[in-house]
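Structure assessment
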There are 2 protein chains.
Amino acid sequence: MNIPLNKIFRKLSPYVPGEQPSEKNFIKLNTNENPFPVPKEVINAIREQIDGSIRKYPDPEAYGLRKAIGKHYGFDPGWIFAGNGSDEILRLCITAFSSKDDYVAFLHPSYPLYEVLATISDRKPCRVNLKSDFNIPDDFMNIYNLYMKIIANPDSPSGCFHPVDQIRDIAKKLRRVLVIDEAYADFSKDNCLNLVKDFENVIVVRTFSKSFSLAGMRIGYCFGNPRLISALLKIKDSYNLNTISQVAGISAINHYDVMMENCRKIIRNRDYLKGELEKIGFYVFPSSANFILVKPLHIKAEDLYKVLKEKRILVRYFGTPLLKDYLRITIGSKKEIKVLMSAIKEII
Amino acid sequence: MNIPLNKIFRKLSPYVPGEQPSEKNFIKLNTNENPFPVPKEVINAIREQIDGSIRKYPDPEAYGLRKAIGKHYGFDPGWIFAGNGSDEILRLCITAFSSKDDYVAFLHPSYPLYEVLATISDRKPCRVNLKSDFNIPDDFMNIYNLYMKIIANPDSPSGCFHPVDQIRDIAKKLRRVLVIDEAYADFSKDNCLNLVKDFENVIVVRTFSKSFSLAGMRIGYCFGNPRLISALLKIKDSYNLNTISQVAGISAINHYDVMMENCRKIIRNRDYLKGELEKIGFYVFPSSANFILVKPLHIKAEDLYKVLKEKRILVRYFGTPLLKDYLRITIGSKKEIKVLMSAIKEII
């Protein structure tokens, strides 16, 4: 029997997440996880919550978590949505803020998931190439204003921070919703959160996976005008965020200071790694995130990726036409960076 | 600014999950949660897993969980998919096994989410009314064979078990995928799991929310031909199932005997509650699930629902044209049933 699958499978190239090796003895600098542990207090809060209450369904609207996030950032819970990782939120934004066969515009190279999600949702992906320095080209700002737009800021894999004024200009001209994916905002000096109050077509998406060291718990959240938030609430899976992740998020936001201290360490390590790589002649793009995009010297990026993997150090190699000369390296602990640097020096 | 939302919002009536009161002093017989606690061993296994590992992303394909489920039920992991509750799996099945503008056929009244998911996914819902005894009508079996079909078995809210031979007949005639939602299968004497091996167009969906007392952890799974499973893997959110839920599922399946013992108690309580309600003249449909659908005597279903709620007992009232005379009551513990029965006797 020839089972008819969705026609999208004819054209879909699924997003491939970074490797998660099952063996433990890898230095993982490939998926932008935080090298610093979850605060003890958060671990304890989660452990305490593992009790009889998991027998019952979670709060479908994650009100306690939205309230805790809102309190910290100065927003009413009606301005906040929480989801099963920011990936779920990005998918729901596409469903809520565009209709089938609409175009969805995004930059390239950026987070490849945007194109996958648009395709899966029967939208038409509109891919606009970044300039060679990974900045936003003028045509993305000035045209496609009837398409929903998604921008990562800081962007990945470049680490580039697109200036707030530039994003503000895009929001102003756009007749549809602008989704700003701020997964890496806590590693940057600036962010676009205030635009949410100024423009009723702006959504800012954040996550606990990077700066809060909670990638395993899948907790994303976003800010936006209550009209946009209520649309997301209407189309999400009924109980999209499990009980324990809600508790973990509340506890993490209550230990915001620990997270920020870790972010400051990562920024210091980022500067250090950039310096070390530049010393041996690598080109390193300026980064506002917890990773750097680098162009190796005297060795093909793909070869360096492979030899590092043999030495049980994982970095990210994309291998697409625009990125084949680059590696993206997550900022690890000082110790991990030192192991990485001596491995690279041995190889090249 | 008039933000354009997805056109589906013009016709969408979102699914309304059962109430989850924030106060604790309710007897909750409205969302088919299990009255029996999660086994101590499972609680401990989850607590132990709350450690540094939640800093990292989960296994994107939940291989360990799929292996544990497969080992128990006699399937290779390639025949199994795991998701963020069975609601996610149902949504993914619609995306994977039908294309935009296709019809999706399901029975009515049944789980109202099927229609919502079809609408959100830009499919055309094809609602086929059950017979007045909540059995499947002949036209559902014999026509619509070019539409993907979804059937809950045991069905909700009736509790009715549709005979395996009848479902087999549907699968045989169907030229598309048949999704059998077996959320309540562990409370029934029979199930359709074997059909997965006989027909390459059959998916059987299960959940840890009901029989395993883990509604708060959001763990669903399904069985199907590897071609179908691989389609689901391609379109899911990258890390759809968090680290802790994967661990909880593995531990729960390893304590299958505790779960089955609880199910047997629920079945005994179901017979007891049915008997008690029949004694006072209520009509109770025969149920193969952990709830019963009842038609009260001498009082409107809606009024009984309201007065019970005032007495802090929640049951489910749907209020739709075909269900306005009925209440769905989750089978609680013996103690909860006794409180419910004396409340009902006071009211009527």
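Cut-offs used in this document
Residues numbered from 1 in each chain as written. Chains lettered and ligands numbered in written order. Predicted model: local features only at pLDDT ≥ 70, side-chain atom pairs only at ≥ 80, totals over all residues. Heavy atoms only, no water. Contact = heavy atoms within 4.5 Å. Buried area = accessible area lost by both parts, 1.4 Å probe. Salt bridge = Lys/Arg side-chain N within 4 Å of Asp/Glu carboxyl O. Polar contact = N/O pair within 3.5 Å; in protein donor to acceptor, adjacent residues only side chain to side chain. Helix = DSSP H or I, 4+ residues; strand = E, 2+ residues; numbered from the N terminus. Nonpolar A, V, L, I, M, F, W, Y, C, P; charged D, E, K, R; others polar. Buried < 20%, exposed > 50% of the residue type's maximum accessible area, 1.4 Å probe, protein only. Axes fitted to C-alpha atoms, helices over the stretch in contact; angles between N-to-C directions. Parallel < 35°, antiparallel > 145°, perpendicular 65-115°, else oblique. Left-handed = near helix turned anticlockwise from the far one by under 90°. Disulfide = S-S within 2.5 Å. UniProt positions renumbered as here; feature names shortened; annotations may be inferred. Least-squares fit on C-alpha atoms with pLDDT ≥ 70 in both. Pairing = 2+ DSSP bridges.

1. Examining the interface of chain A and chain B
Every contact between the two is made by 77 residues of chain A and, on the other side, 77 residues of chain B. Interface area for chain A against chain B, summed over the two sides, is near 6,800 Å², with a carbon-plus-sulfur share of 56%. It is Met1, Arg55 and Tyr57 of chain A that lose the most area in chain A upon contact with chain B, and together they represent 12% of the buried surface on that side. Where chain A touches chain B, the interface holds 6 salt bridges. At the junction of chain A with chain B, the criterion picks out 35 residue pairs in polar contact (both at pLDDT 80 or more). Contributions of two or more residues to the side of chain A that touches chain B are made by helix H1 (40-49), helix H3 (85-97), helix H4 (113-120), helix H8 (226-235) and helix H9 (243-253) of chain A. With 6 residues, H3 of chain A is the largest single contributor of residues to the side of chain A that touches chain B. When the residues that make up the side of chain A that touches chain B are grouped by side-chain class, the tally is 36 nonpolar, 19 polar and 22 charged.

2. Re the environment of Ile136 of chain A
All names here are of chain A. Counting through the fold element by element, Ile136 comes out in the loop between strand S4 (124-129) and helix H5 (138-142). Separated by 138 residues in the primary sequence, Ile136 and Lys274 have C-alpha atoms spaced 23 Å apart. Dropping the residues within four chain positions of it, Ile136 is found in contact with Leu107, Leu130, Lys131, Met141, Ile151, His162, Gln166, Ile167 and Ile170.

3. Here's the deal with helix H8 (residues 226-235) of chain B
All buried positions along H8 of chain B are accounted for by Leu228, Ile229, Ala231, Leu232, Leu233 and Ile235 of chain B. Residues of H8 of chain B that are buried sit in contact with H4 of chain A together with helix H2 (63-73), strand S2 (80-83), helix H3 (85-97), strand S7 (202-207) and strand S8 (220-224) of chain B. Where H8 of chain B starts, the residue carrying a side-chain oxygen 2.9 Å from the main-chain nitrogen of Arg227 of chain B turns out to be Asn225 of chain B.

4. Some words on the environment of Tyr283 of chain A
All names here are of chain A. Tracing the backbone shows Tyr283 in strand S9 (residues 283-284). Take Tyr283: its relative accessible area is 44%, and that puts it in the partly exposed class. Placed 10 residues apart in sequence, Tyr283 and Leu293 show a C-alpha to C-alpha distance of 8.5 Å. Among all residues touching Tyr283, those that are not within four sequence positions of it are Leu293, Val294 and Lys295.

5. Focus: the packing of H3 of chain A against H4 of chain A
All names here are of chain A. Where H3 contacts H4, the two axes come as close as 10 Å, and the packing angle between them is 45°. Taken together, H3 and H4 sit at an angle that is classed as oblique. Here H3 runs over H4; the crossing is right-handed. Mapping the contact onto sequence places Asp87, Leu90, Arg91 and Ile94 in H3 and Leu113, Tyr114, Leu117 and Ala118 in H4.

6. As for the state of the cysteines
Residues and elements named next belong to chain A. Per the stated rule, a full pass over the model turns up 0 disulfides over all chains. Looking at the unpaired Cys192, the closest cysteine sulfur is the one in Cys160, lying at 12 Å. For Cys192, a relative accessible area of 0% gives the class buried. Lacking any disulfide linkage, Cys222 is separated from the closest cysteine sulfur, that of Cys93, by 5.3 Å.

7. Concerning the UniProt feature "domain: Aminotransferase class I/classII large" (unreviewed entry) in chain A
Listed under "domain: Aminotransferase class I/classII large" (unreviewed entry) in the UniProt record, and renumbered for this structure, are residues 25-344 of chain A. Between the C-alpha atoms that bound residues 25-344 of chain A the distance is 18 Å, and the span itself is 40% helix and 17% strand.

8. A closer look at the relation of the copies chain A and chain B
At an RMSD of 0.0 Å, chain A and chain B line up after a rotation of 180° and a shift of 0.0 Å along the axis. Viewed as a symmetry operation, the transformation between the two copies matches a two-fold axis. Within chain A, the C-alpha atom positioned nearest to the axis of rotation is that of Arg47 of chain A, 2.7 Å from it. Interface overlap between copies: 100% of the residues of chain A at the interface are likewise at the interface in chain B, consistent with a symmetric, same-surface contact.

9. Let's talk about the sheet that holds S9 of chain A
Residues and elements named next belong to chain A. If you walk across this open sheet you meet the 3 strands as S9-S10-S12, and the pairing is antiparallel. Every interior strand has two partners, whereas the edge strands, S9 and strand S12 (327-330), have only one. For strand S10 (residues 291-295) and S12, the ladder comprises 4 bridges, and the chain directions are antiparallel. Across the sheet, the residue bridging to Val294 is Leu327, located in S12. Packed on one face of the sheet, helix H10 (residues 256-279) meets S9, S10 and S12 and runs near 10° to S10.

10. Quick word on the packing of H1 of chain A against H9 of chain A
Residue and element names in this part refer to chain A. Put simply, H1 and H9 touch, their axes get as near as 9 Å, and they point 150° apart. Classified by the interaxial angle, the pair formed by H1 and H9 is roughly antiparallel. You can see that H1 and H9 cross each other, and the crossing is right-handed. Contacts between H1 and H9 involve Glu41, Val42, Ala45, Ile46 and Gln49 from the first element and Thr243, Ile244, Val247, Ala248, Ser251 and Ala252 from the second. Class assignment for the residues of the contact of H1 with H9 results in 7 nonpolar, 3 polar and 1 charged.

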